[in-house]
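Structure at a glance
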Amino acid sequence: MKLGILGTGMIVKDLLTTINKLKIESISILGTEQTKKETTILAKQYHLDHCYYDYDEMLRSEIDTVYVALPNHLHFSFAKKALLKGKHVIMEKPITSNVKELEELKEIAQENDLIILEAVNIHYLPAYQSLQKTLSKIGQIKILNFNYSQYSSRYNAFKQGQILPAFDYTKSGGALMDLNIYNIHFVVGLFGKPIDIEYYPNIEKGIDTSGILILKYDTFQCVCIGAKDCKAPLSNNIQGDRGCIHIPTPVSYIGSFDLLMNDGSTQTINENNDVHRMYEEFFEFSRMYEQNDYQKCYDMLEHSMIVTEIQTIARRKAGILFPADDENM
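What comes next concerns the included structure. From a predicted model like this one, the values you see are computed outputs, not experimental measurements. (Residues numbered from 1 in each chain as written. Predicted model: local features only at pLDDT ≥ 70, side-chain atom pairs only at ≥ 80, totals over all residues. Heavy atoms only, no water.)

This next bit is on the overall build of the protein. Within the protein, the secondary structure is distributed over ten helices and 14 strands. Relative to the compact-globule value of 20 Å for 329 residues, the protein shows a C-alpha radius of gyration of 20 Å, a close match. Here the contacts in the protein between residues at least 6 apart in sequence split such that 68% fall between residues at least 24 apart. Put simply, the protein shows about 14,600 Å² of open surface, and 49% of that area lies on carbon and sulfur atoms. (Helix = DSSP H or I, 4+ residues; strand = E, 2+ residues; numbered from the N terminus. Rg over C-alpha atoms; globule rule 2.2 N^0.38 Å. Contact = heavy atoms within 4.5 Å. Areas by Shrake-Rupley, 256 points an atom, 1.4 Å probe, with all protein chains shown as cover.)

Tracing the backbone shows serine 26 in strand S2 (residues 26-30). The exposure class assigned to serine 26 is buried, which follows from its relative accessible area of 16%. Apart from the residues lying within four places of it in its own chain, the contact partners of serine 26 are Met1, Lys2, Leu3 and Asp49. (Buried < 20%, exposed > 50% of the residue type's maximum accessible area, 1.4 Å probe, protein only.)

Moving on, we come to the sheet that holds strand S3 (residues 50-52). In space, the six strands of this open sheet follow the order S3-S2-S1-S4-S5-S6, with parallel pairing throughout. The open sheet has two edge strands, S3 and strand S6 (116-119), and neither has a second partner. Sheet twist, expressed as the average angle between the axes of neighbouring strands with direction ignored, equals 20 degrees. As paired elements, strand S1 (residues 2-6) and strand S4 (residues 65-68) share four bridges and run parallel to each other. When the bridges of S4 are listed, leucine 6 appears paired with valine 68. Contacting S1, S4, strand S5 (88-92) and S6, helix H4 (residues 75-84) crosses the sheet at an angle of about 170 degrees to S5. (Pairing = 2+ DSSP bridges. Axes fitted to C-alpha atoms, helices over the stretch in contact; angles between N-to-C directions.)

Turning next to the layout of surface pockets. Here the largest pocket defines a volume of roughly 1,200 Å³. In terms of lining, the largest pocket is formed by 41 residues, of which the most central are Gly9, Met10, Ile11, Arg154 and Asp178. Where the lining of the largest pocket is concerned, the elements lending two or more residues are helix H1 (10-16), H4, helix H7 (153-159) and helix H8 (175-191). Taken together, the residues that form the lining of the largest pocket break down as 19 nonpolar, 14 polar and eight charged. Estimates place the volume of the second largest pocket at around 260 Å³. Lining the second largest pocket are 15 residues, with His123, Tyr124, Gln132, Lys296 and Met300 positioned closest to its centre. Contributing elements (two or more residues each) for the lining of the second largest pocket: helix H6 (126-134), H8, helix H9 (279-291) and helix H10 (294-318). At four residues, the largest contribution of residues to the lining of the second largest pocket is made by H10. Residues belonging to the lining of the second largest pocket are distributed by class as follows: six nonpolar, six polar and three charged. (1 Å grid on protein atoms, 1.4 Å probe; cavity = no way out; pocket = protein on both sides within 12 Å on 5 of 7 lines; lining within 4 Å. Points joined across faces, edges and corners; volume = space filled by probe spheres on them. Nonpolar A, V, L, I, M, F, W, Y, C, P; charged D, E, K, R; others polar.)

Among the structural elements, threonine 209 can be located in strand S9 (residues 207-216). Of note is the side chain of threonine 209, whose polar atom sits 2.7 Å from the side chain of aspartate 229. Among all residues touching threonine 209, those that are not within four sequence positions of it are Tyr155, Phe158, Phe167, Ala175, Asn202, Glu204, Ala227, Lys228 and Asp229. (Polar contact = N/O pair within 3.5 Å; in protein donor to acceptor, adjacent residues only side chain to side chain.)

With that out of the way, let us pick up H10. With 25 residues, H10 extends 36 Å from end C-alpha to end C-alpha; this agrees with the ideal 36 Å at 1.5 Å per step. Count one or two residues on from H10 and you reach glycine 319, which has phi positive near 80 degrees. (Expected span 1.5 Å × (residues − 1).)

From the geometry alone we can't say anything about function, so treat these as descriptive.
This is the structure we're talking about:
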């Protein structure tokens, strides 16, 4: 894989601390004139192969895969341009602003035998895979409750009138897109598509600063809380008629979980292998690329389609609209 990284934000800096452990043939980075100094420092610090400040120039180079780690509202346009130039695409979460955008990207990718993936680490974490196998032990599922509430330092600026991308509806921001997405991915990976969706947000200046998402399934109910304007002890529970699975960390960081049975027995299942939280997902992305595993790629893309459809429906019902949306959303 010859990787081109778009952006210099926190998630890129995080990835660069571990990506050298993977089989990546070359790594280039795209910055802007405003971030030129920062881009140069990152390239030198992590021994990157090339720096670019023009996207077209990067796409004309030998890179074969683009990692889009830009603000949410830019994901679609930058990914589409890469796909049309014959590049594989890995996109940071949320993959697109709405499901219509993702449907268009999916069509382009499949017509041209290209990989398109959403970088959500949950599905590749050993603890999550172990939890999937443990789920049957707690019997018939009744209630799911996930809470990812993390007070954002950007909310202080937001209250003072400074609108940063995380709280900007024109940039596809908000708590649903930023934090609750992890809860949605977690649940959909276990149980698939819900039969009904409702979203009850706290809205300020056109954006959800926090909110409660209700996912209805045939035989159980799921509550997903995502908040950037307040915080609480993190708690995630999957409750069955024979026991409960308790996750004491954000689901995006799951390394262990507790199996709490109705008979009083307990067990902590620890699958933390002490590697960077982004390592497993990019290891798998690299494997898919090397082995041309399009089946796994498109299976994961279908999962992202469900998650994106949930977000799109939830926002529409709550009246949260992005410039990327239209009346037919």
